[in-house]
Amino acid sequence: MTNNIAKAKQKSPARGFAKMKKTLILTTMVLPGAIWLLLLRYLPMFGIVMAFKDFKFYTPNPTLWNNIKYSKWSGLDNFKFMFASTDSMKMIRNTIGYNALWIVLGLIIAVSFAIMLSMLTNKFVAKVYQTLMFFPYFLSWVVVSYFVLAFLDPTRGLLPHLQQGWGMTPTNWYNETKPWPVILTIANLWKYTGYSTILYLATITGIDTTQYEAAAIDGATKWQQIRYVTIPFLRPMIIILFIMNVGKIFNADFGLFYSVPMNSGPLMPVTQVIDTYVYRVLLATSGKPGLSTAASLLQNFVGFICLMVANTIVRKIDKDSSLF
């Protein structure tokens with residue numbers, strides 16, 4: 001008995017060293033991601049101070065530190081420009097309205113496609129569909145804008161040529177505001193639905209098949225299996241993506257609203273959002289970085305509040321489905 005205790009004591013330091021070595025190896029694997037997060041996410045936060053300064057270039061030695069240090073404090077003046085325009089409420093309405101619509105449509109369409117893909121028995125066809133749906137996610141909005149131009153160009157576009165062939169007056173699509181909420185919605189869904197579909201599909205493939213077998217034995221139809229088996233298992237993923245999208249409801253996709261409409265002036269009532277407005281103000285004010293910093297800070301602050309509110313509501317309803 002005494003010998004066994006002595007041997008255990010001799011082995012314990014070795015075990016502790018082995019455990020520490022394993023922990024060190026795992027920590028080293030995380031190190032590249034931690035360094036990336038520190039350099040690209042946390043370190044630049046120092047620049048937030050520019051939102052409260054009238055940023056000027058310090059002539060004797062124009063380093064970033066000197067520029068920030070010797071620039072005068074301006075308080076909240078940099079935030080006022082977002083609300084100085086007569087169209088400020090319109091751009092805020094466009095930003096929130098488009099995002100709210102796309103959150104709902106993206107959820108319904110992505111979940112529907114994921115369920116349909118999961119029911120395909122031919123795996124090769126399923127992989128082809130997944131690839132075709134996921135491919136647009138990697139395309140730049142500049143490329144997409146020329147795809148759209150190929151259809152809508154007043155002189156060489158496909159739709160104006162079809163209108164001429166049918167004896168109709170060709171529509172000048174880049175001067176008409178009415179169709180563009182639909183065009184922007186189609187472009188957004190075409191580009192991003194595939195990504196969300198893959199996430200939902202991965203969740204569906206993780207569902208135990210015995211759940212469906214038990215439901216089929218009990219006489220459940222395909223629709224009932226989707227309603228009582230698939231949807232409940234998808235609910236945590238749906239809620240997580242919904243909360244994260246709500247956190248971005250005050251941000252707009254600059255490429256979509258600037259490149260796809262080709263920066264057309266007549267379309268601004270339906271394409272002007274916060275991000276494009278900030279960009280245009282920067283061009284008009286010789287690129288003052290304090291304005292863009294203030295706008296970005298305000299967007300992220302509002303997004304943080306929306307995320308916290310959405311997560312709090314979800315936590316009260318279903319604690320296990322909340323982010324934190």
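Quantities reported herein were computed from a predicted structural model and do not represent experimental measurements.

Criteria and thresholds
Residues numbered from 1 in each chain as written. Predicted model: local features only at pLDDT ≥ 70, side-chain atom pairs only at ≥ 80, totals over all residues. Heavy atoms only, no water. Helix = DSSP H or I, 4+ residues; strand = E, 2+ residues; numbered from the N terminus. Rg over C-alpha atoms; globule rule 2.2 N^0.38 Å. Contact = heavy atoms within 4.5 Å. Areas by Shrake-Rupley, 256 points an atom, 1.4 Å probe, with all protein chains shown as cover. Lys, Arg positive; Asp, Glu negative; His and termini not counted. Charge placed at Lys NZ, Arg CZ, Asp CG, Glu CD. Buried < 20%, exposed > 50% of the residue type's maximum accessible area, 1.4 Å probe, protein only. Phe/Tyr/Trp six-rings, centres within 6.5 Å; stacked < 30°, edge-to-face > 60°. Expected span 1.5 Å × (residues − 1). Polar contact = N/O pair within 3.5 Å; in protein donor to acceptor, adjacent residues only side chain to side chain. Salt bridge = Lys/Arg side-chain N within 4 Å of Asp/Glu carboxyl O. Axes fitted to C-alpha atoms, helices over the stretch in contact; angles between N-to-C directions. Parallel < 35°, antiparallel > 145°, perpendicular 65-115°, else oblique. Left-handed = near helix turned anticlockwise from the far one by under 90°. Nonpolar A, V, L, I, M, F, W, Y, C, P; charged D, E, K, R; others polar. Core = buried A, V, L, I, M, F, W, Y, C linked by side-chain atoms within 4.5 Å.

Engineer: Could you clarify how one ought to interpret the overall build of the chain in this entry?
Structural biologist: Scanning the chain for helices and strands turns up 14 helices and two strands. Relative to the compact-globule value of 20 Å for 324 residues, the chain shows a C-alpha radius of gyration of 27 Å, a clear excess of over 25%. With the C-alpha coordinates of the chain rotated into their principal frame, the extents come out at 95 × 70 × 35 Å. Sequence separation of 24 or more characterises 66% of the internal contacts of the chain that already satisfy a separation of 6 or more. Summed over all atoms, the accessible surface of the chain reaches about 20,700 Å², with 69% contributed by carbon and sulfur. Measuring between centres, the 29 positive side-chain charges of the chain sit 13 Å from its 12 negative side-chain charges.

Engineer: Please explain unusual backbone geometry as it appears in this structure.
Structural biologist: One can expect most non-glycine residues to show negative phi and most peptide bonds to be in trans. For Met262, which is not a glycine, the phi torsion comes out positive at approximately 60°. In this structure, Met262 sits in the loop between helix 11 (254-258) and helix 12 (268-271). Even without being a glycine, Asn263 presents a positive backbone phi close to 50°. Along the chain, Asn263 falls in the loop between helix 11 and helix 12. We classify Asn263 as partly exposed; its relative accessible area is 33%.

Engineer: I'm lost on the packing of aromatic side chains in this one. Help?
Structural biologist: One pair of aromatic rings is described through two measures. These are the centre distance and the angle between the planes. Summed over all chains, the structure comprises 15 aromatic pairs. Between Tyr137 and Tyr192, the aromatic rings sit 6.1 Å apart at their centres with planes inclined by 70°, giving edge-to-face as the arrangement. Placement of Tyr137 in the loop between helix 5 (123-134) and helix 6 (141-152) and of Tyr192 in helix 8 (residues 180-205) is noted, with a sequence separation of 55 residues between them. For the ring pair Phe254 and Tyr279, a centre distance of 5.2 Å and an interplane angle of 65° mean the geometry is edge-to-face. Taken together, the residues span a long stretch of sequence, with Phe254 in helix 11 and Tyr279 in helix 13 (residues 274-284) at a distance of 25 residues. Judged by its relative accessible area of 32%, Tyr279 is partly exposed. Feature note: the residues Phe134, Tyr137, Phe138, Trp141, Tyr192 and Tyr195 constitute an aromatic cluster, connected by ring pairs.

Engineer: Would you mind showing me how to read the environment of Leu40 here?
Structural biologist: Residue position: Leu40 is located in helix 1 (residues 2-42). Between the C-alpha atoms of Leu40 and Leu101, which are 61 residues apart in sequence, the distance is 31 Å.

Engineer: Explain helix 5 to me, please; I cannot follow it from the model alone.
Structural biologist: Since there are 3.6 residues in each turn of an α-helix, residues three or four apart along the chain are aligned in direction. Helix length check: helix 5 (twelve residues) gives 16 Å between terminal C-alpha atoms against 16 Å at 1.5 Å per residue, within 8%. One side-chain oxygen of the residue at the start of helix 5 lies 3.1 Å from the amide nitrogen of Phe124, identifying that residue as Asn122.

Engineer: Would you mind showing me how to read the pattern of salt bridges here?
Structural biologist: In a structure, side chains of opposite charge can pair up when their charged atoms sit close to one another. Counted under the stated rule, the structure contains two salt bridges. We note a salt bridge from Asp77 to Lys80, for which the minimum N-O separation is 3.4 Å. With Asp77 and Lys80 both in helix 3 (residues 77-84) and three residues apart, the pair spans about one turn of that helix.

Engineer: For this particular structure, what's the right way to read the side chain of Thr95?
Structural biologist: Note that Thr95 resides in helix 4 (residues 88-118). Residue class for Thr95 comes out buried when judged on its relative accessible area of 1%. For Thr95, the side chain forms a polar contact with the main-chain nitrogen of Ile274, separated by 3.2 Å. Leave out the neighbours within four places in its chain, and Thr95 touches Ile249, Phe250, Asn251, Ala252, Val273 and Ile274.

Engineer: Is there a simple way to think about the packing of helix 9 (residues 209-217) against helix 10 (residues 222-246) in this case?
Structural biologist: When two helices pack together, their arrangement is given by the angle between the helix axes and by the axis-to-axis distance. Look at helix 9 against helix 10: their axes get within 10 Å of each other, and the N-to-C directions meet at 160°. The orientation of helix 9 relative to helix 10 falls into the category roughly antiparallel. Classified by chirality, the crossing of helix 10 by helix 9 is right-handed. Across from Gln211, Tyr212, Ala215 and Ala216 in helix 9, the residues of helix 10 making contact are Gln225, Val229, Thr230 and Phe233. A class-by-class count of the residues in the contact of helix 9 with helix 10 yields five nonpolar, three polar and no charged.

Engineer: In this structure, what is going on with the nonpolar core? I would like to understand it.
Structural biologist: For soluble globular proteins, the rule of thumb is that nonpolar side chains tend to be buried together. Val148, Trp180, Leu184, Leu256 and Phe257 are the most contacted members of the largest nonpolar core, which has 20 residues in total. Of all elements in the fold, only helix 4, helix 6, helix 8 and helix 11 reach the threshold of two or more residues within this core. If sequence neighbours within four positions are ignored, Phe257 has contacts with Tyr98, Trp102, Leu184, Ala252, Thr271, Val273 and Thr276.

Engineer: Please clarify how the side chain of Asn188 should be interpreted in this entry.
Structural biologist: Turning to its location among the elements, Asn188 is positioned in helix 8. The class of Asn188 is buried, set by a relative accessible area of 9%. Excluding residues within four positions of it along the chain, Asn188 makes contact with Trp102, Trp141, Thr193 and Leu256.

Engineer: Looking at this structure, how should I read the packing of helix 3 against helix 14 (residues 289-317)?
Structural biologist: Where helix 3 meets helix 14, the axes come as close as 8 Å, and the angle between the chain directions of the two elements is 75°. Taken together, the axes of helix 3 and helix 14 are roughly perpendicular relative to one another. Contacts from Asn78, Phe79, Phe81, Met82 and Phe83 of helix 3 reach helix 14 at Gly290, Leu291, Ala294, Ala295, Leu297 and Leu298. Here the residues of the contact of helix 3 with helix 14 sort into nine nonpolar, two polar and no charged.

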